[in-house]
Every structure is written in structure tokens, then in C-alpha cells.
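Remarks on the overall topology
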Amino acid sequence: MANRITLNQTSYHGKGAINEIVNEVKSHGWKKAFVCSDPDLVKFGVTAKVTDLLDKAGLAYEVYSDIKPNPPIASVKNGVEAYKKAKADYIIAIGGGSSMDTAKAVGIIITNPEFADVRSLEGVAPTKNPCAPILAVPTTSGTAAEVTINYVITDPEKKRKFVCVDVHDIPIIAFVDSDMMMSMPKGLCASTGMDALTHAIEGYITKGAWEMTDMMHLKAIEIIGRALRSSVNGEAKGREDMALAQYIAGMGFSNVGLGVDHSMAHTLSAYYDMPHGVACATLLPTVMEYNADYTGEKYREIARVMGVKNVDSMSQAEYRKAAIDAVKQLATDVGIKLSLKGVIPESDLDALSADAKKDACTPGNPRDVTVEDIKQMFKSLMQ
């Protein structure tokens, strides 16, 4: 069986990368941008770092900021109507996963109007046309939505998040500029960084993993292990390293899938509006323990690149524990509380676990998982 890799047509990396936006817009001949960016980024002038470039170049745009964390169906539908009203012909998505995911869903529906109900996009939807062109400018170092073929939408009515996987939704150009990430507060930097680590570890051990993606994921784990602490402390070099690491992780997991950590995190966000990165990070050591016996020698390499010494002299049980302990230590050092105490009511456990089992990420988990397994993992964190 052939392994497929899908990436952006073009990506720019490093400080000042956003300065290439005007050249790309002009070279493609686009006329008016639909700028998707969340209200806080607009309010605090982060979005303006891009729109000022458009103003200076005399390029037309309209800002759409009906963007919410864990983006709901309504924000997508409103965005589709706003895009049409604006008579735009391309999208600039500025923000974290919420802005990117909203932009992807809007872009897909614009060119594939038969999916206007949004819910029909769940899973691997049979769209026929590439989405409206998206230029992606991440402002967090975690989701890697600028390079993935995935997006996640929340259905508040049914209290669930659904994953959409579509090669037609990938942004054609990404501008990964760490200067756009310098305004992240510590908590957001920590949670998105741990989301990137979860992507890298789950992508590395997923059933679909292969040599090329292993290379990407191990490098991402290595960079995150050395850079996340300094990034959370606001150091420019740490943020620049994390900008690269989360993108590399996205290159990998977008093409091989994730696992049950993300399935469980999706339900936590849908039920309790828990930030996605926090949910992933909280679950990660527990899910790693659950999967350990199904990962061969991979935890040894995780431990190695995270800086654990003398892994080659360790037994299998020792290096697996060392890898998990290294992840726990990193999470603790950046302020992540590895507990769900007080988050999940006992009465929700059955439905929460059943919904996680149905999530699109679950089949990629290296160990086949049951509803009862998921329930027990949730319960172990509720004490």
C-alpha cells in the first residue's frame, strides 16, 4: 500500500514571514481577502500586523471575527454568508485552531455548497473541489492547522465535536512567523505547546505511522522537549523553535492520524468547553501508560530525544516509564495540572466515554480501545 503525504504548496518560516503575504497575493492575482481572525486578536492588534500590510499595498479585505473557541456550526454558517456578501475570492486565516478550522469549513462550503449544513462534512467527506484559497497565519504554537488536512467543528446541539478530514481543505500557503506568536500569554503558550507534543507522540505511535512521519514526529518531540519551557517564559528563541516544532508535528500527524488522547480531548471540549490543548495535555501521560505495551521500542526514542540519559542501558519497562515521566515533568513545569478532578460529573461518564469511542481519531490508536477502557482512563484522572 502506498503512503500519501499532503502538505502546503508553499510555506514560509521565521521572523518576518508575513511580509511575503503581499507578494503571494499579487502573484496569484487575488482581489479581495476574507480575513478570519478571532475577536481578541483583532482587539489587541495582532490581526492588524497582517491587515496593515494589505492596507499599505492597497489590497482589499474584509474582517470576519465571529470566531469562538471550539468553533460551533453557527460560526461556520455565518462565515459562509459573510464571505459571499464580501464578494471575496480568497481567505486569510489569522489565529489558532479556532480561526483556522472556521476558515477551512467556510472555504470548503464556498466551493462545495452541497455541504452547507456543515454536519455532513464529518469524517472523510466526498468533496469534489479544493476549498477557496486559504493563506494561513498561525498565532499559537500548537495546532499546526496551517499544514493539516483536518479541522474540528463543535455541534452544541448534540454536545459533541466532529473531526473533518479532507485533502481539499489544506491552506495553500502557510506563513509561520514567530513574531505573530509573541503576544501569547503563558497559559495559552503552555497548552498549545503540549497539544503539539500530543500530536507528535500520538502521530509517532499511531497505527498508520511510517518512516517518513516517524522522522518528523521525533524531531518535533525533540524540539518541544528543549524549547517549550523557554517559550512559556516568553523567550523569543523558544517561541521561534516552537513555531517550527508544531509545524513539523503537523506535517506528520495530518498524514497518519492520531489516537484516543485526541478522541477523549474532543469530548472534554464539547461537554465542558475545556481548552483543547489543556485536555490533550492532561490526558497524555495516562494514555501513554495505556498504550505502552503496543509501542515496541518507540518510547525509548521518545525518552532519548526528550533528554533522558542512558536509555540504551534501560529495560523496556524502565524506558517506557522514563518517557512517560519526561512528559509528566514537562507538563508540570509549564503549569499543566494532570487531573480532571471536579471537571467530569459521574453521571456524564458513560455518555462521555461512548462519544470518545466514536471519534474519528480512535481507530488510529496503537491499542484497540473499548468504551470501558476509556471510562477507566477518565476515572483515573478524576480522583
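Here, the structure is the one placed above.
Bear in mind the structure is a predicted one, so any value in this text is a computation, not a measurement.

Cut-offs used in this document
- Residues numbered from 1 in each chain as written.
- Predicted model: local features only at pLDDT ≥ 70, side-chain atom pairs only at ≥ 80, totals over all residues.
- Heavy atoms only, no water.
- Axes fitted to C-alpha atoms, helices over the stretch in contact; angles between N-to-C directions.
- Helix = DSSP H or I, 4+ residues; strand = E, 2+ residues; numbered from the N terminus.
- Left-handed = near helix turned anticlockwise from the far one by under 90°.
- Contact = heavy atoms within 4.5 Å.
- Nonpolar A, V, L, I, M, F, W, Y, C, P; charged D, E, K, R; others polar.
- Pairing = 2+ DSSP bridges.
- Disulfide = S-S within 2.5 Å.
- Buried < 20%, exposed > 50% of the residue type's maximum accessible area, 1.4 Å probe, protein only.
- Expected span 1.5 Å × (residues − 1).
- Bend = angle between axes of the 7 residues up to and from the residue.
- Core = buried A, V, L, I, M, F, W, Y, C linked by side-chain atoms within 4.5 Å.

On to the packing of helix H6 (residues 186-205) against helix H8 (residues 236-256), then. Pairs of packed helices are described in terms of their axes, by the angle between the two and the distance that separates them. The N-to-C vectors of H6 and H8 enclose an angle of 40°; their axes lie 8 Å apart at closest approach. By crossing handedness, the relation of H6 to H8 is classed as left-handed. Taken together, the residues of H8 that come into contact with H6 (itself represented by Cys189, Gly193, Ala196, His199, Ala200 and Gly203) are Arg239, Met242, Gln246, Ala249, Phe253 and Val256. Looking at side-chain class alone, the contact of H6 with H8 contains seven nonpolar, four polar and one charged residues.

What follows covers the sheet that holds strand S5 (residues 134-138). Read across the sheet, six strands follow the order S1-S8-S5-S4-S2-S3 without closing on themselves; strand pairing throughout is parallel. Lying at the two open borders of the sheet, with one neighbouring strand each, are strand S1 (10-13) and strand S3 (60-64). When the angles between neighbouring strand axes are averaged without regard to direction, this sheet yields 15°. Here strand S2 (residues 32-37) pairs with strand S4 (residues 90-95) via five bridges, running parallel. Following the sheet pairing, Val35 is matched in S4 by Ile92. Contacts between H8 and the sheet are confined to S1 and strand S8 (173-176), with S8 contributing the most and set at about 150° to the helix.

Further remarks concern the state of the cysteines. The tally for this structure, following the rule as stated, stands at zero disulfides. There is no disulfide at Cys131, and the cysteine sulfur nearest it, in Cys36, is 11 Å away. Sulfur of Cys189: no disulfide; nearest cysteine sulfur belongs to Cys280 and is 16 Å away. For Cys189, a relative accessible area of 0% puts it in the buried group.

Another aspect to go through is unusual backbone geometry. Keep in mind that most residues, glycine aside, have a negative phi and that most peptide bonds are trans. Unusually for a residue other than glycine, Asp273 sits at a positive phi of about 55°. By secondary structure assignment, the location of Asp273 is in the loop between helix H9 (260-272) and helix H10 (276-291). You can call Asp273 exposed: its relative accessible area is 52%. In the Ramachandran plot, Asn310 falls in the positive-phi region, its phi being about 60° despite a non-glycine side chain.

The end-to-end C-alpha distance of helix H7 (residues 211-232) is 31 Å, a good match for the 32 Å that 22 residues give at a rise of 1.5 Å each. Where H7 bends most, at Arg226, the angle is about 40°. Residue Gly234 follows H7 closely and has a positive phi angle near 85°.

Okay, the nonpolar core next. In terms of nonpolar packing, the biggest core is built from 53 residues, with Met194, Leu197 and Tyr299 touching the most fellow members. Residue assignment for this core shows that the elements contributing at least two residues are S8, H6, H7, H8, H10, helix H11 (298-305) and helix H12 (316-333). In this structure, Phe34, Met100, Ala145 and Tyr151 belong to the second largest nonpolar core, which totals 32 residues.

Shape descriptors only; they carry no functional weight alone.
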